[in-house]
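These are the residues of each chain, in order.
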Amino acid sequence: MAESMKGLRRTCRCAELTASHVGQTVTVMGWVQKSRNKGGIIFVDLRDRSGIIQIIFEESDTGEEGFEKAARLRAEFVVAVTGTVEHRSGAVNEHLATGDIEVRAKEIRILAESETPPFPVEENSRTKDDIRLRYRYIDLRRPDMQRNLMLRSRVGMMTRQFLAEEGFLEIETPMLTKSTPEGARDYLVPSRVHPGSFYALPQSPQLFKQLLMCSGYDRYFQITKCFRDEDLRADRQPEFSQIDMELSFVDVDDVIDVNERLLQKLFQEIAGVEVPLPFPRMTWQEAMDRFGSDKPDTRFGMELHDVTEVVRHCGFGVFTGAIEQGGSVRGINAKGQGAMPRKKIDKLVDFAKDFGAKGLAYLCVNGDGSFKSSFAKFMTEEELQALVQVMEGEPGDLLLFAADANKVVYDVLGNLRLELARTLELLDKNEFHFLWVTEFPLLEYNEELGRYQAMHHPFTMPVEDDLPFLETDPGRVRAKAYDIVLNGTELGGGSVRIHQNDIQEKMFDCLGFTKEAAYEQFGFLLNAFRYGVPPHAGLAYGFDRLVMLMAKEDNIREVIAFPKVKDASCPLTEAPGAVDQKQLEELGIEVSKVQ
């Protein structure tokens, strides 16, 4: 039966005890990790969020009743123990921070009993994710999960402290806002007092933070929840946290400067990693040409080589056909993998097809300088030698080629180099390679809609030199946009915003908005711009992704207390779920089956 805490007060957490406390009487509280009854003596490992302390029970110290209570202890019982800190009588446990001391119990209270948990509370759990998430309150007791969430807390607190010292004000923006047509799908919230109308949960605080710049607040930030109704993956959740900021009277370099210093401070003081400044910068076009990705992982090489001109007139129709259609031929060099078995190469071909490739051409450079290839018979010896030279091929290398439209080639080879790096174990989680990717295309053409879309959002400023092309060649225009990338993951992104009416109108024209449609969707922002808007720019981080990389995890679920699974459901609460019919009637909503 559970006992009361009345009259007891915890003096410290379990792992806060050190040899300096020897001889002191302390009261510790927590969960039983394990209990070992040796007859006349009982050893209990007591756990709280700080770690573990060993408790030793003997009847001569606790009395018969206290010893009987100790004998009843099982895993996950919640107890309070008062006793004296001593040096360990047995062997020192070098794996514990408290491994050289123990607490000799004088009094014990069982504050709560526990059924046998569905899985052990231990590090590096092998329990299936669906069970872990169904019993998340138990999973969160595991030391590695607790370290992750404590790390997250420290990152949030230090971010707030740093930005406050840099003159930023933390200002909250609304959760119930208006749906906008650009970007991902919104989560909609029906209004009871405005029947047939809906709020949208924010995909970002973008418009409101620009309004705050119009209002003269100069430097704003918040750590806030955002929502996107999109498919999940390892670094994406339907609700996620952003470190969001906006600055007035700045340009690209000003935003980059403050954020480099923020990241340097976080990694040095929390992760113990020295981060040299400034970070490298790379234009979007260079990133695509070298890595096939706008968020390149630069911890390893295997960069793309453009061999279009080398094979333009060769006898291999796959190559020449792609070039004639306006595409390109590019390759990557898997150094030292020339002896890769054909079955593994075939798996790489199948992998490439998942990203739109019709196939994958390969050429193995044998130790004697000869070739084994899927296309060698269509090319002369001289052409093959020239190809190997451009690819910087050496005996023992495996050369892999994609030929298609540029977008497909980038996508295929960009993902293929990452797959090879994973399988060849080239990715070191202890390395942290930061990179700014700049000068993104301002617009991208949507074939389905038959018009251009903003690659970021409609308020991104074009590079000044490209302004003349907005009306004549929109696809050529670069944006004053920048992403911060870490180890192949986009940590955050931002841009300089448009603050001139004439440029904003041209932007809306490119996107197919009439003036009336633009005001219908964004009128409150455009009206604000009529009353004096300063030049401004901003950036937003994926807070969950940042903590995931600092914690060296592969999935953001490991750094979120109560995450969703792949279908955006919550195994713990069983959300989403049906609601009472009366609630639907109040909202004027009738539910029908989706065809």
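Reading the values: the criteria
- Residues numbered from 1 in each chain as written.
- Predicted model: local features only at pLDDT ≥ 70, side-chain atom pairs only at ≥ 80, totals over all residues.
- Heavy atoms only, no water.
- Phe/Tyr/Trp six-rings, centres within 6.5 Å; stacked < 30°, edge-to-face > 60°.
- Helix = DSSP H or I, 4+ residues; strand = E, 2+ residues; numbered from the N terminus.
- Buried < 20%, exposed > 50% of the residue type's maximum accessible area, 1.4 Å probe, protein only.
- Arc of directions from axis to C-beta.
- Contact = heavy atoms within 4.5 Å.
- Pairing = 2+ DSSP bridges.

1. Quick notes on the packing of aromatic side chains
For any pair of aromatic rings, geometry is given as the distance between the ring centres together with the angle between the planes.
Next up, step 1: Summed over the entire model, instances satisfying the criterion amount to 19 aromatic pairs.
Next up, step 2: Where Phe-267 meets Phe-432, the ring centres are 5.3 Å apart and the plane angle is 65°; that geometry is what we call edge-to-face. Of this pair, Phe-267 sits in helix H6 (residues 252–269) while Phe-432 sits in the loop between helix H12 (406–423) and strand S17 (434–438), placing them 165 residues apart in sequence. Both residues of the pair, Phe-267 and Phe-432, count as buried.
Next up, step 3: A ring pair is formed by Phe-279 and Phe-434, whose centres lie 4.6 Å apart and whose planes are at 10°; its orientation type is stacked. Separated by 155 residues along the polypeptide, Phe-279 in the loop between H6 and strand S11 (281–283) and Phe-434 in strand S17 bring together distant segments of the chain.
Next up, step 4: The exposure class assigned to Phe-279 is buried, which follows from its relative accessible area of 4%.
Next up, step 5: Among the aromatic residues, those joined into a cluster by ring pairs are Phe-316, Phe-319, Phe-375, Phe-378 and Phe-401.

2. Some details on helix H7 (residues 284–291)
Next up, step 1: Those residues of H7 that sit buried are Trp-284, Ala-287, Met-288 and Phe-291. The arc enclosing the buried residues of H7, seen along the axis, measures out at 105°, which places them on a common side.
Next up, step 2: The inward-facing, buried residues of H7 abut S11, H12 and S17.
Next up, step 3: At the C-terminal side of H7, Gly-292 shows a positive phi close to 70°.

3. Re the pairing of strand S4 (residues 78–87)
Next up, step 1: Of all 10 residues making up S4, 8 are buried, and the element is well covered by its neighbours.
Next up, step 2: As judged from the 7 bridges shared by strand S1 (residues 25–37) and S4, these two strands associate in the antiparallel manner. Within S4, the position partnered with Val-26 by the bridge is Gly-83.
Next up, step 3: Bridge count for S4 against strand S5 (residues 101–112) is 10 bridges, and the pairing is antiparallel. Bridge pairing in S5 places Val-81 opposite Ile-108.

Remember, this is a structural readout, not a statement about activity or role.
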